[in-house]
Amino acid sequence: MTDETAARVATLPAPPPAAAALFGAAMPTIGRYAGILAAAGVERGLIGPREVPRLWDRHLMNCAAVAELIPSGAHVVDVGSGAGLPGVVLAIARPDLRVSLVEPLLRRTVFLAETVEALGLRNVEVLRNRAEDWAGRLAADVVTARAVAPLERLVGWCLPLVRPGGMMLALKGESAAAELAQVADSLRGQGAAHWDVVEVGAVLGDAATRIVRIELGRQGFVPPRKTARGKRR
Ligand SMILES: C[S@@+](CC[C@H](N)C(=O)[O-])C[C@H]1O[C@@H](n2cnc3c(N)ncnc32)[C@H](O)[C@@H]1O
């Protein structure tokens, strides 16, 4: 480890007390993941150096809070996983889940595969490619996405990966209600039965966040019809 990396890793704070409630027996593993993000994650450009002092509340705990919306034993597809947020965090916090990390950039999938191996996570697979390329090939109980795209685009990428009766969860924070309002009119036509904004992790203070939840009906995703000019609507 270079002196610069060691100095940066030293800015990683101790886990806040609330982390133990979220991660329980997985505290040692999430601690090792925090160390990987602070060292290799920054060196390889997957997260910014200024994120290290706020890794616990802004990233790890914020992502783990989403677990409260995910049913036991679910297959979760995390679209645009980047350095593994929220997918790796969910896999650590919830060993009952099966998690597929979808990420198009080779550099990031190599980091993800190495991280999964280093942490000994047996419930995670790394899938290279864009979310759009997996339509018709994945049918997850839950599809998650954080900081990937505006909701309008995200709906088109994520809903085709959700099984009938399953849901997508977009971690959106402050913009959740406004983004949902922009797409709400189009959702029923795409097979959605219910949608709302849910606040998770309220007891975590700064780590609380807002999620757009969109649940598909029993008939599943309905692809938008093509217009006469071939455009989708
Ligand atoms: C800003 S990063 C966010 C990463 C991570 N979710 C987080 O919260 O830190 C956006 C990620 O989405 C990925 N991405 C962009 N377009 C995508 C697509 N069409 N399908 C899947 N992932 C995509 C990028 O490669 C990048 O890793």
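Look a little higher up for the structure.
Described in the following lines is the structure provided in the data block. In this text, all values refer to a predicted model and were calculated from it rather than measured experimentally. (Residues numbered from 1 in each chain as written. Predicted model: local features only at pLDDT ≥ 70, side-chain atom pairs only at ≥ 80, totals over all residues. Heavy atoms only, no water.)

**Things to note about the overall build of the chain**
Along the backbone of the chain there are 8 helices and 7 strands. Scaling as 2.2 N^0.38, a compact globule of 233 residues should have a C-alpha radius of gyration of about 17 Å, and the chain matches this with 18 Å. Expressed along its principal axes, the backbone C-alpha trace of the chain runs to roughly 60 × 35 × 30 Å. Every one of the 233 residues in the chain was classed for burial, and the buried ones make up 51%. Long-range contacts, defined here as pairs at least 24 residues apart, represent 66% of the contacts in the chain between residues at least 6 apart. Surface exposure of the chain reaches about 11,100 Å², of which carbon and sulfur atoms provide 52%. Measuring between centres, the 28 positive side-chain charges of the chain sit 8 Å from its 23 negative side-chain charges. (Helix = DSSP H or I, 4+ residues; strand = E, 2+ residues; numbered from the N terminus. Rg over C-alpha atoms; globule rule 2.2 N^0.38 Å. Buried < 20%, exposed > 50% of the residue type's maximum accessible area, 1.4 Å probe, protein only. Contact = heavy atoms within 4.5 Å. Areas by Shrake-Rupley, 256 points an atom, 1.4 Å probe, with all protein chains shown as cover. Lys, Arg positive; Asp, Glu negative; His and termini not counted. Charge placed at Lys NZ, Arg CZ, Asp CG, Glu CD.)

**Structural notes on helix 3 (residues 27-43)**
The end-to-end C-alpha distance of helix 3 is 24 Å, a good match for the 24 Å that 17 residues give at a rise of 1.5 Å each. At Leu 37, helix 3 is deflected by roughly 35°, the largest bend along its length. Among the residues making up helix 3, those that are buried are Met 27, Thr 29, Ile 30, Tyr 33, Ala 34, Leu 37, Ala 38, Ala 39, Ala 40, Gly 41 and Val 42. Looking at the buried positions of helix 3, the neighbouring elements they touch are helix 1 (3-9), helix 2 (17-23), helix 4 (55-64), helix 5 (87-93) and helix 6 (106-119). Looking one or two residues past helix 3, Gly 45 carries a phi angle of roughly 75°, positive in sign. (Expected span 1.5 Å × (residues − 1). Bend = angle between axes of the 7 residues up to and from the residue.)

**Description of the side chain of Thr 29**
Among the secondary structure elements, Thr 29 is positioned in helix 3. For Thr 29, the contacting residues outside a window of four places in its chain are Ile 92, Leu 119 and Leu 121.

**Looking at the pattern of salt bridges**
Scanning the entire structure with this criterion turns up 11 salt bridges. With its nearest N and O atoms 3.9 Å apart, the salt bridge here joins Glu 125 to Arg 98. You can see Glu 125 sitting in strand 3 (residues 124-128) and its partner Arg 98 sitting in strand 2 (residues 98-103), a full 27 residues away along the chain. Its salt-bridge partner being Arg 163, residue Asp 141 comes within 2.5 Å of it at the nearest N-O pair. Highlighted residues: Asp 141 in strand 4 (residues 140-146) and Arg 163 in strand 5 (residues 162-171), separated in sequence by 22 residues. A relative accessible area of 32% means that Arg 163 is categorised as partly exposed. One salt-bridge network, in which partners are shared between bridges, spans Arg 130, Glu 132 and Asp 133. (Salt bridge = Lys/Arg side-chain N within 4 Å of Asp/Glu carboxyl O.)

**Quick look at the site of the ligand**
Not every one of the 16 residues close to the ligand is listed here, only the nearest: Gly 80, Leu 85, Glu 103, Arg 108 and Glu 132. Here Ala 131 contributes a backbone N or O atom positioned 2.8 Å from a nitrogen atom of the ligand. When the free accessible area of the ligand is taken as 590 Å², the share hidden by the protein chains comes to 78%. (Near = heavy atom within 4 Å. Polar contact = N/O pair within 3.5 Å; in protein donor to acceptor, adjacent residues only side chain to side chain.)

**So, the nonpolar core**
Within the largest apolar cluster, 54 residues are counted, with the highest numbers of intra-cluster contacts made by Phe 23, Ile 30, Tyr 33, Trp 56, Leu 60, Ile 70 and Val 89. Of all elements in the fold, only helix 2, helix 3, helix 4, helix 5, strand 2, helix 6, strand 5 and strand 6 (192-200) reach the threshold of two or more residues within this core. No other element matches helix 3, which puts 8 residues into this core. Setting aside residues no more than four positions away along its own chain, Ile 30 makes contact with Phe 23, Trp 56, Leu 60, Val 89 and Ile 92. Membership of the second largest hydrophobic core comes to 28 residues, among which are Val 79, Leu 187, Val 212 and Leu 216. (Core = buried A, V, L, I, M, F, W, Y, C linked by side-chain atoms within 4.5 Å.)

**Quick look at the packing of helix 3 against helix 6**
As a packed pair, helix 3 and helix 6 sit with axes 11 Å apart at the nearest point and diverge in direction by 145°. The two elements helix 3 and helix 6 meet at a crossing, and its hand is right-handed. Judged by residue contacts, Thr 29, Arg 32, Tyr 33, Ile 36, Leu 37, Ala 40 and Gly 41 of helix 3 engage Phe 111, Thr 115, Ala 118 and Leu 119 from helix 6. The residue makeup of the contact of helix 3 with helix 6, split by class, is 7 nonpolar, 3 polar and 1 charged. (Axes fitted to C-alpha atoms, helices over the stretch in contact; angles between N-to-C directions. Left-handed = near helix turned anticlockwise from the far one by under 90°. Nonpolar A, V, L, I, M, F, W, Y, C, P; charged D, E, K, R; others polar.)

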